[in-house]
Amino acid sequence: MQLGLIGLGRMGQIVVGRTLAAGHEVVAFDLDDDAVATAADTGADPADSLADFVDQLGSEKRIWLMVPAGEAVDVTLEELEPHLDADDVVVDGGNSYFEDSVRRAESCPAAYLDCGTSGGPAGAELGFSLMVGGPQWAYDELEPVFDAVATGPDGHERMGPAGSGHYVKMIHNGVEYALMQAYGEGFELLHEGRFDLDLENVASVWNNGAVIRSWLLELCEEAFREEGTDLGTVADRVEGGSTGTWTVQEGLEQEVPLPLIYTALSERFGSRADDGRFSRRLANRLRYGFGRHEVPRRE
Ligand SMILES: NC(=O)C1=CN([C@@H]2O[C@H](COP(=O)(O)OP(=O)(O)OC[C@H]3O[C@@H](n4cnc5c(N)ncnc54)[C@H](O)[C@@H]3O)[C@@H](O)[C@H]2O)C=CC1
Ligand SMILES: O=C(CO)[C@H](O)[C@H](O)COP(=O)(O)O
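Remember, it's a predicted structure, so these values are computed and weren't measured experimentally. Here the residue numbering is sequential within each chain, running from 1 through the sequence in written order. To read the labels, note that chains go from A and ligands from 1, taken in the order they are written. Whole-chain, interface and lining totals are the exception, using all residues; otherwise, since this is a predicted model, local features are given only for residues with pLDDT of at least 70 and side-chain atom pairs are given and counted only at 80 or more. Remark: hydrogens and water are excluded; side-chain values derive from all non-hydrogen atoms of the structure.

Visitor: How would you summarise the side chain of E250 if you had to cite specific residues and measurements?
Guide: Working definition: helices are DSSP H or I runs of at least four residues, strands are E runs of at least two. Numbering for both runs from the N terminus. Tracing the chain through its elements places E250 in helix α10 (residues 242–254). Only protein chains enter the accessibility calculation, which uses a 1.4 Å probe. A residue is then buried if its area is under 20% of the maximum for its type, exposed if over 50%, and partly exposed in between. None of His or the chain ends enter the tally, which takes Lys and Arg as positive and Asp and Glu as negative. When a carboxyl oxygen of Asp or Glu is within 4 Å of a side-chain nitrogen of Lys or Arg, the pair counts as a salt bridge. Summary of buried charges: E250 has no salt-bridge partner, and the nearest side chain of opposite charge, R103, is 15 Å away. A 3.5 Å cut-off defines polar contacts: any pair of N or O atoms within that distance qualifies, except that in protein one atom must be a possible hydrogen donor and the other a possible acceptor, and neighbouring residues in sequence count only when both atoms are side-chain atoms. For E250, the side chain forms a polar contact with the side chain of Y167, separated by 2.7 Å. E250 has contacts with F98, Y167 and M170, leaving out every residue within four places of it along the chain. Two residues form a contact once any of their heavy atoms are found within 4.5 Å.

Visitor: Which residues make up a nonpolar patch on the surface, and what values go with them?
Guide: Nonpolar side chains collect at one region of the surface, where I171, V175 and L179 lie side by side and expose about 220 Å² of accessible area between them. Here L179 lies in helix α7 (residues 164–192). Two distance rules govern patches: like charges are joined within 9 Å, and nonpolar side chains (Val, Leu, Ile, Met, Phe, Trp, Tyr) within 5 Å, applied only to residues with over 30% relative accessible area and no salt bridge. The method behind every accessible area is Shrake-Rupley, applied with a 1.4 Å probe, and residues are considered shielded solely by the protein chains displayed.

Visitor: An account of the UniProt feature "binding site: NAD(+)" (unreviewed entry) in the protein chain is needed here, citing residue identities and associated values.
Guide: UniProt positions are given in the numbering used here, feature names are shortened, and annotations may be inferred rather than shown by experiment. In the numbering used here, UniProt assigns the "binding site: NAD(+)" (unreviewed entry) feature to G7, L8, G9, R10, M11, G12, V67, P68, A69 and N95. According to the relative accessible area criterion, L8 is buried, its value standing at 2%. The contacts of L8, once residues within four sequence positions are left out, are Q13, V16, A28, F29, D30, A35, V36 and A39. Here P68 falls in the exposed class, since its relative accessible area comes to 60%.

Visitor: Give me the lowdown on the packing of aromatic side chains, citing residues and values where you can.
Guide: In summary, the pairing rule links any two rings of Phe, Tyr or Trp, Trp by its six-membered ring, whose centres are within 6.5 Å, and it sorts them by plane angle into stacked for under 30 degrees, edge-to-face for over 60 and tilted for everything else. The tally for this structure, following the rule as stated, stands at 7 aromatic pairs. Each member of the aromatic cluster is reached from another via a ring pair, and the members are Y97, F98, Y167 and W246. The rule is short: NZ of Lys or CZ of Arg within 6 Å of the ring centre and within 35 degrees of the ring normal puts a charge over the ring. Over the face of the ring belonging to Y177 we find R268, whose NZ or CZ atom lies 3.7 Å from the ring centre. Over the face of the ring belonging to Y288 we find R292, whose NZ or CZ atom lies 4.6 Å from the ring centre.

Structure (C-alpha cells):
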C-alpha cells in the first residue's frame, strides 16, 4: 500500500518507519524541511509542498495526519479538500477533540477515521495501541497500515462511528493522569516518610510481580535511575492538560463522577504556581518518559 504521511514530528516519524518496515510505500510531508529530510533518509518519498504530496499519491489516496491537534488539522484538511473524493481515506492519528473529529468526518469528502494513538515516542519498538472511529470499510482498507503501526493485529480496533476513536483516547488520557497522580503521591510519601529509601529499588521490586506493576511504573523506575531518588533538578511543573480537561468536561456532561481524574488535572494546574511538590516533579519527568515532552527544570 502507498500511505501519505503529513506531520513528521516525534510520532509521525515512527509511523513512517513502521509503515516502511512492513513493506509499504510512504510519501512524506511536513512544514519543516528537516523533518521531511529525516523521513527521506528512512526511505520515504519526500514531498516539498502539499501540492507535490497530493501529486505523488495515486487515485485512491490513503493519508495519515500526525500534526498537532486543533488548527493544524483544520488547515491541512482545508488544503487537501479539493483533491479528495469518496474513494479516499484520511486518518487523523493525533489527539484531536472527538467533537472536532465528528465535525471533520461530516465535512470531509473522503472517508475519515479518527485514530487515538497511545504508546508515545518511547513505544516505537513495540508499536502503538490504536483506537479507531469511522466507517468500517475505511478501517478494513487501512488494516495493513494499522497492523504495521500498532503492536500488530491485536494493537488496533474499530471502536465505532466517527468520533469514537478520539473519545476512547481522551478517556485513556484521563486514566493516565489519575495513574500518574497515584504513583506520584505514593512516591512522595515514601520520599518524605520514615525510612531513607532508594526509590529506584522500590519501583523495581514493585515492577517484579507486584499488583501495581505497569509501564508507567517502569518509567518511574527509569526516572529515579536517571534523575536520582530525589529527582534532582526536575521542576515541580506539569505541562499539558487539554485531554484531561476534555475528559472532566465530558464527565460533568454525562453526570459521571471523576474525582481522581479531576484531582490529577487540578494538581497539574496547581503545579504552575511552582511550590515544590514531589508528585508533580515525578509527573513532569514521566511525561518525558513516554512522550519525550520537554522536562521543565528548576535552577
Ligand atoms: N508525543 C506523544 O506522546 C503523543 C502525541 N500524540 C499526538 O500526535 C500528534 C503529533 O504529536 P507529536 O509528534 O508529539 O508532535 P511534534 O510537535 O513532535 O510533531 C508535529 C509535527 O507536525 C508538523 N506540522 C505542524 N503543523 C503542520 C501542518 N499544517 N502541515 C504539515 N506539518 C505540520 C510540525 O512541523 C511537526 O514536525 C499530536 O496530536 C499529539 O497530541 C498522540 C499520542 C502520543
Ligand atoms: O497522548 C499522550 C500520551 O498518551 C501524549 O503524550 C499527550 O501529549 C499527553 O496529553 P497531555 O498534553 O494532555 O498531557
